[in-house]
Amino acid sequence: MRGVHQRLYYRLLRFLERRIYSDPRVRLAAVSGHTSAQLSRYFGRGDVAVIPNGVDAVYFSPEKLVVLRDSARARWNFEPEEKVLLLIGNNWRSKGLPILLEALSLSPQLALRALVVGQENPEVYLARARSLGVRDLLRFAS
């Protein structure tokens, strides 16, 4: 049922995107040059303003990070010496998860792990991770 819901959801999104993003009366802003380029490529919009996300440097400071790191690593079963890559969002294929799995398989000497967060079904990616021998390097959260 989740697959049907996901297909319907993305079909609705594509419809709305075409309708809204193609309308030159709608002013668009993107958070990155990549997103702006995608709007140009798929919707012919060369007038998109790029406004990068802002970050609260006090809240997201190294000092705060140190306090939260140990408990987060323990919760997800990551070791202190491991580097953890965080992928957040949906459409994991577009975000590069298949490439990440390949990269993990090509660099076993590195202490890399990945935490993937989103609403997609991880089964396809788990199967691929198993076939590449990197299943134990991944955690999925929704």
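The structure under discussion appears in the preceding block.
Caption draft 1: Looking closely at the nonpolar core. W92, L97, L101, L104, L138 and F140 are the most contacted members of the largest nonpolar core, which has 16 residues in total. Every element with two or more residues in this core is listed here: α5 (97–106), β4 (112–117), α6 (123–132) and β5 (138–141). No other element matches α5, which puts four residues into this core. Ignoring sequence-local partners within four residues, the contact set of L138 consists of L101, L104, A114 and A129. Counting residues in hydrophobic clusters, the runner-up holds five residues, among them A30, L39, F43 and V48.

Caption draft 2: The arrangement of the pattern of salt bridges in detail. Scanning all chains against the criterion turns up four salt bridges. Here R45 ties to D47 by a salt bridge, and the two come within 2.9 Å at their closest N and O atoms. Owing to a relative accessible area of 4%, R45 belongs among the buried residues under this scheme. Between E82 and R113 there is a salt bridge, with the nearest N and O atoms lying 2.9 Å from each other.

Caption draft 3: Layout of the pairing of β4. Counted residue by residue, β4 has five buried out of six residues, so it is predominantly covered. Relative to β4, strand β3 (residues 83–88) runs parallel, the two being bridged by six bridges. Within β4, the residue paired with V84 across the bridge is R113. Sheet topology note: the β4/β5 ladder contains four bridges and is parallel. From the neighbouring strand, V116 faces β5, where its bridge partner is F140. Taken together, β4, α6 and β5 form a β-α-β motif whose crossover is right-handed.

Caption draft 4: How the structure looks around α6. Listed in full, the buried residues belonging to α6 are Y125, L126 and A129. All buried residues of α6 project into a common sector of 100° when viewed along the axis, lining one side. When the buried face of α6 is taken as reference, the exposed residues oriented beyond 90 degrees from it are V124 and S131. Next to the buried residues of α6 lie α4 (92–95), α5 and β5. G133 lies just past α6 and shows a positive phi near 75°.

Caption draft 5: Molecular detail of the layout of surface pockets. The space that makes up the largest pocket amounts to roughly 1000 Å³. Taken together, 25 residues form the lining of the largest pocket, with E17, Q38, N91, S94 and K95 sitting closest to its centre. Contributing elements (two or more residues each) for the lining of the largest pocket: α1 (2–21), β1 (29–30), α2 (33–43) and α4. A breakdown of the residues in the lining of the largest pocket according to their chemical character gives 12 nonpolar, eight polar and five charged. Taken as a whole, the second largest pocket encloses approximately 430 Å³ of empty space. Of all the elements in the fold, those that place two or more residues in the lining of the second largest pocket are α3 (62–76), β3 and β4. Here the lining of the second largest pocket gets seven residues from one element, more than from any other, and that element is α3.

Each value, and the rule that gives it
Residues numbered from 1 in each chain as written. Predicted model: local features only at pLDDT ≥ 70, side-chain atom pairs only at ≥ 80, totals over all residues. Heavy atoms only, no water. Core = buried A, V, L, I, M, F, W, Y, C linked by side-chain atoms within 4.5 Å. Buried < 20%, exposed > 50% of the residue type's maximum accessible area, 1.4 Å probe, protein only. Helix = DSSP H or I, 4+ residues; strand = E, 2+ residues; numbered from the N terminus. Contact = heavy atoms within 4.5 Å. Salt bridge = Lys/Arg side-chain N within 4 Å of Asp/Glu carboxyl O. Pairing = 2+ DSSP bridges. Right-handed = clockwise from strand over helix to strand, strands pointing away. Arc of directions from axis to C-beta. 1 Å grid on protein atoms, 1.4 Å probe; cavity = no way out; pocket = protein on both sides within 12 Å on 5 of 7 lines; lining within 4 Å. Points joined across faces, edges and corners; volume = space filled by probe spheres on them. Nonpolar A, V, L, I, M, F, W, Y, C, P; charged D, E, K, R; others polar.

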